[in-house]
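Architecture and fold: a report
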Amino acid sequence: PLPDFAQIHRQATAACAGVRTLTAELSFSGRAGGRTLRGRAIAGFERPGFLRLEGVAPFGAPGFILAGGGDGATLLLPRDNRVLRDGRAEDILGALTGISLAPADLQAILTGCVASMPGAMGGRLHQRGWASIDLPGDATLYLERVGTGWRPRAARRPGWQIEYPAWQGAFPRDVRLRSVDPVLDVDLIAVVSQLEANVTIDPAAFTVTVPADALPFTLAELRDAGPLRA
């Protein structure tokens with residue numbers, strides 16, 4: 001008889017499925033749109049769809065601050081004193097890094113759940129102790145048997161391939177995200193450290209204090225300056 005794939009999925013994703021809030025430091029490296037990307041960011045997430053990303057500079061003001069959720073995200077470039085208001089978080093993130101993902105989806109990927117609304121829709125067993133679980137939104141999670149349990153090792157979702165080469169406790173330590181579209185040419189590895197789950201985050205963290213003299217700019221201008229510029 002086939003195993004209960006829903007039970008396998010619940011066991012493998014129990015930790016990330018229970019994450020309501022998340023803070024972490026991300027050290028990322030790789031490429032996007034033919035350009036090399038490398039840096040660090042302080043990240044905060046809160047369900048159902050809020051985020052704060054603050055680019056850490058070697059010294060002085062942050063490289064960028066992106067905060068908000070849904071259609072109400074704001075990007076501030078403190079060093080240039082420029083601001084982009086009321087954009088979609090995934091559009092802004094895509095222009096910055098090439099990764100156009102909503103906050104909830106990005107949180108799910110960083111914690112190993114892959115999909116923001118996970119739920120096993122089917123599954124298959126493979127050789128050498130591997131299994132795959134079908135998730136909503138045409139996503140698939142690939143699991144490796146570890147002892148008596150299962151651990152996420154890779155995944156795919158429309159447009160993206162994900163790998164989890166290393167874990168630290170209940171959460172991934174390394175997350176590799178690659179675009180299927182060769183035009184995007186995104187291949188980034190994020191090393192996740194100082195992760196804390198279900199801590200209280202001040203709601204003010206998901207807003208940006210914008211200087212009164214900050215100059216506005218548009219998403220099109222950000223795309224022109226970003227890694228995917230034409």
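Data block above holds the structure.
**Focus: the layout of surface pockets**
Size it by volume and the largest pocket reaches roughly 890 Å³. Lining the largest pocket are 35 residues, with Phe28, Leu37, Phe64, Leu96 and Thr97 positioned closest to its centre. Looking at the lining of the largest pocket, the elements with two or more residues in it are strand S1 (21-32), strand S2 (35-46), strand S3 (50-56), helix H3 (89-97), helix H4 (103-111), strand S12 (171-179), strand S13 (187-197) and helix H5 (219-225). Here the lining of the largest pocket takes five residues from S2, the largest share from any one element. Broken down by class, the residue content of the lining of the largest pocket amounts to 25 nonpolar, five polar and five charged.

**Focus: H4**
Summarising burial for H4: eight of the nine residues are buried, a large majority. Looking one or two residues beyond H4, the residue adopting positive phi is Gly112, at roughly 100°.

**Let's talk about the packing of aromatic side chains**
For the coordinates displayed, the defined rule picks out two aromatic pairs. Ring geometry for Phe50 and Phe206: centres 5.9 Å apart, planes at 45°, overall tilted. Residue Phe50 is located in strand S3, and its partner Phe206 is located in the loop between S13 and strand S14 (215-216); the two are separated by 156 residues in the primary sequence. For Phe50, a relative accessible area of 37% translates into the label partly exposed. A cation over a ring is seen here: Arg79 above Phe59, with NZ or CZ 5.9 Å from the ring centre.

Rules and cut-offs
Residues numbered from 1 in each chain as written. Predicted model: local features only at pLDDT ≥ 70, side-chain atom pairs only at ≥ 80, totals over all residues. Heavy atoms only, no water. 1 Å grid on protein atoms, 1.4 Å probe; cavity = no way out; pocket = protein on both sides within 12 Å on 5 of 7 lines; lining within 4 Å. Points joined across faces, edges and corners; volume = space filled by probe spheres on them. Helix = DSSP H or I, 4+ residues; strand = E, 2+ residues; numbered from the N terminus. Nonpolar A, V, L, I, M, F, W, Y, C, P; charged D, E, K, R; others polar. Buried < 20%, exposed > 50% of the residue type's maximum accessible area, 1.4 Å probe, protein only. Phe/Tyr/Trp six-rings, centres within 6.5 Å; stacked < 30°, edge-to-face > 60°. Lys NZ or Arg CZ within 6 Å of the ring centre and 35° of its normal.

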